Amino acid sequence: SLLRAPECLHIAEVEGEFDESAFPAGKELILRRGAQVVFLKDDPSKRWIRGTIGKVTSISESSIQVEIETDGLPFTFRVERETWQNVRYNVDPASRKIEKEVVGEFTQYPLCPGWAMAVQKSQDCRFDHVMIDLSGEDGEHGELYAALCTCKKLEGIVLKNKVSQRYKANAGDRIQEVTRLFSS
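Definitions and limits used
Residues numbered from 1 in each chain as written. Predicted model: local features only at pLDDT ≥ 70, side-chain atom pairs only at ≥ 80, totals over all residues. Heavy atoms only, no water. pLDDT = per-residue confidence, 0-100. Helix = DSSP H or I, 4+ residues; strand = E, 2+ residues; numbered from the N terminus. Salt bridge = Lys/Arg side-chain N within 4 Å of Asp/Glu carboxyl O. Buried < 20%, exposed > 50% of the residue type's maximum accessible area, 1.4 Å probe, protein only. Pairing = 2+ DSSP bridges. Axes fitted to C-alpha atoms, helices over the stretch in contact; angles between N-to-C directions.

Asker: How would you sum up the confidence of the model for the protein chain? Please name residues and give values.
Answerer: On average, the protein chain scores 82 in pLDDT, and the residues at 70 or more come to 77%. Ranking the elements of the protein chain by mean pLDDT puts helix H4 (residues 174-183) last, at 61, and strand E2 (residues 13-16) first, at 97.

See the structure below:
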């Protein structure tokens with residue numbers, strides 16, 4: 001690694017039923033000072049949203065501080081561990097009402113190393129620059145459109161490879177729609 005700071009490992013706490021394939025963040029988060037990260041969850045205080053990119057400025061076994069840029073100004077925030085719930089819904093036979101039952105919890109810092117992100121994880125995120133790699137994919141319906149919409153401006157989009165016919169077919173008229181969005 002080009003970063004010389006020591007690594008710090010943060011292991012998630014998992015309680016109850018929470019399938020590993022449904023973990024909202026990595027069970028093991030390995031970061032170091034200077035690492036670029038992406039936030040995986042909106043901050044309740046609205047300091048960042050899912051997809052915000054930052055840089056780790058300080059890290060220990062009990063604390064992570066991340067600097068993010070807002071309106072061109074750097075701000076550093078202490079990031080707390082977040083808890084995601086695995087919920088099961090049941091119908092109460094007597095009242096016939098739907099009841100929510102928390103069957104598991106996953107607690108981890110809402111961060112991941114920030115160099116790449118799957119299209120489905122990037123939805124609702126907005127970036128200045130994106131490199132879209134569609135190699136080896138099946139071209140799911142709407143995936144190309146969703147990937148294009150993650151960038152704030154058309155000039156910020158780089159396609160790593162040629163868009164396959166399957167992606168074009170699944171995108172339909174939505175590629176022209178994206179072009180119109182960027183030109184308005």
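Asker: Quick rundown of the pattern of salt bridges? Include the residues and the values.
Answerer: Across all of its chains, the model carries 6 salt bridges by this definition. When the shortest N-O distance is used, the salt bridge between Arg 47 and Asp 43 registers 2.7 Å. Its relative accessible area of 7% is what places Asp 43 among the buried residues. Across the salt bridge formed by Glu 80 and Arg 78, the nearest N and O atoms sit 3.3 Å from each other. We classify Glu 80 as partly exposed; its relative accessible area is 43%.

Asker: Which residues make up the sheet that holds E2, and what are the values?
Answerer: Overall, antiparallel pairing links the 3 strands, which are arranged E2-E9-E8 in an open sheet. On the outer flanks of this sheet lie E2 and strand E8 (82-91), each paired with one strand and no other. Within this sheet the neighbouring strands show an average axis-to-axis angle of 25°, counted without direction. Direction of pairing for E2 relative to strand E9 (residues 98-108): antiparallel, over a ladder of 4 bridges. When the sheet's bridge partners are listed, Val 14 is paired in E9 with Phe 106.

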